[in-house]
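Listed below, chain by chain, are the residues.
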Amino acid sequence: MKKSLNIAHRGFSGEYPENTMRAFIEGVKAGCDGIETDVHLTKDGILVICHDETIDRTTNGNGYINNYTYDELSNFDAGIRYGEDFIGEKIPTLDNLFEFVKDKGLLINIELKNNIINYKGMEEKVIEKIYEYDLSNNVILSSFNHQSMVRVKEIDSNIKTGLLYMSGIYKVHEYAKKCKADAIHPIYLSVLDEEVVNEIHNEGISINAWTVDNDNDMKKLINLGIDGIITNYPNIMNNML
Ligand code: G3P
Ligand code: MG
């Protein structure tokens, strides 16, 4: 049986402040094969890593990322809400992450968070960064905004894309093929069964499911033969494999 890749969701976010360099470093230490993370654009056009459109939940600041310049954002603490041990963590830039992973051979899943705010020019900026760090063989972009994923393919068909979704898509293999996607990124289990997995794989398309945190579900998905499992606990997944 093929091994499913162990992809750390927002880094090792089960035990460290999500989407910080610390979480990425700890994910690698825990033995992940890949990292999933989320990007937004600042007011001055810098790609930064954060899950939400605002910094309210994860930092000691508040407000929308696209209302701040990167310099302004770097004053906030992205660790403090997670405990004293993590004080001093910054909101990372995509450069920070790419610099860290560039020689590690990991799969890097960059989720473009352009499904609520349609950041203009985001696709071009991310693609430019991928080439700057020579990571085109390692990176797969994903988004709930499928128009954006089609746009990525129109800009550069060599860049890999994945379609994020949270409930069943009718004939998803035909849809994914139409979007020229390299992968589907479904919420786990409820939309996946043997038939979907086979139909997708027969089209040469991969399956990376999220967010899988317990070992029973991990086992089920590994047995289904999916390609990647996106988890907050890369340590649990590593023990299983
Ligand atoms: O990319 C998988 C997963 O991260 C999608 O949802 O909200 O956690 O970014 P979310
Ligand atoms: Mg995400």
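The protein chain is annotated in an unreviewed UniProt entry as Glycerophosphodiester phosphodiesterase of Clostridium sartagoforme.

Orientation of helix 1 (residues 21-29) relative to helix 3 (residues 94-101), taken along the N-to-C sense of each, is 20°, at an axis distance of 11 Å. Considering their axes alone, helix 1 and helix 3 lie roughly parallel with respect to each other. The two elements helix 1 and helix 3 cross, and the hand of that crossing is right-handed. Contact residues: Met-21, Phe-24, Ile-25 and Val-28 in helix 1; Asn-96, Leu-97 and Phe-100 in helix 3. Residues belonging to the contact of helix 1 with helix 3 are distributed by class as follows: six nonpolar, one polar and no charged.

Note on aromatic pairs: each is described by the distance of the centres and the angle between the planes. This structure, assessed with the given rule, holds six aromatic pairs. Arranged with centres 5.7 Å apart and planes meeting at 65°, the rings of Phe-98 and Tyr-133 form a pair that is edge-to-face. One end of the pair, Phe-98, is in helix 3; the other, Tyr-133, is in the loop between helix 4 (122-132) and strand 5 (139-143), with 35 residues separating them in the sequence. You can call Tyr-133 buried: its relative accessible area is 13%. Between the aromatic rings of Phe-144 and Trp-210, the centroid separation amounts to 5.8 Å while the plane-to-plane angle is 85°, which identifies the pairing as edge-to-face. On the criterion of sequence distance, the pair formed by Phe-144 in the loop between strand 5 and helix 5 (146-155) and Trp-210 in the loop between strand 8 (206-209) and helix 8 (215-224) is long-range, its members being 66 residues apart. When its relative accessible area of 14% is taken as the criterion, Trp-210 is described as buried. An aromatic cluster is present here, built from Phe-12, Tyr-16, Phe-86 and Tyr-233 joined pairwise through their rings. Seen from the ring of Phe-100, Lys-104 lies directly overhead, with NZ or CZ sitting 4.1 Å from the centre.

The rules behind these values
Residues numbered from 1 in each chain as written. Chains lettered and ligands numbered in written order. Predicted model: local features only at pLDDT ≥ 70, side-chain atom pairs only at ≥ 80, totals over all residues. Heavy atoms only, no water. Axes fitted to C-alpha atoms, helices over the stretch in contact; angles between N-to-C directions. Helix = DSSP H or I, 4+ residues; strand = E, 2+ residues; numbered from the N terminus. Parallel < 35°, antiparallel > 145°, perpendicular 65-115°, else oblique. Left-handed = near helix turned anticlockwise from the far one by under 90°. Contact = heavy atoms within 4.5 Å. Nonpolar A, V, L, I, M, F, W, Y, C, P; charged D, E, K, R; others polar. Phe/Tyr/Trp six-rings, centres within 6.5 Å; stacked < 30°, edge-to-face > 60°. Buried < 20%, exposed > 50% of the residue type's maximum accessible area, 1.4 Å probe, protein only. Lys NZ or Arg CZ within 6 Å of the ring centre and 35° of its normal.

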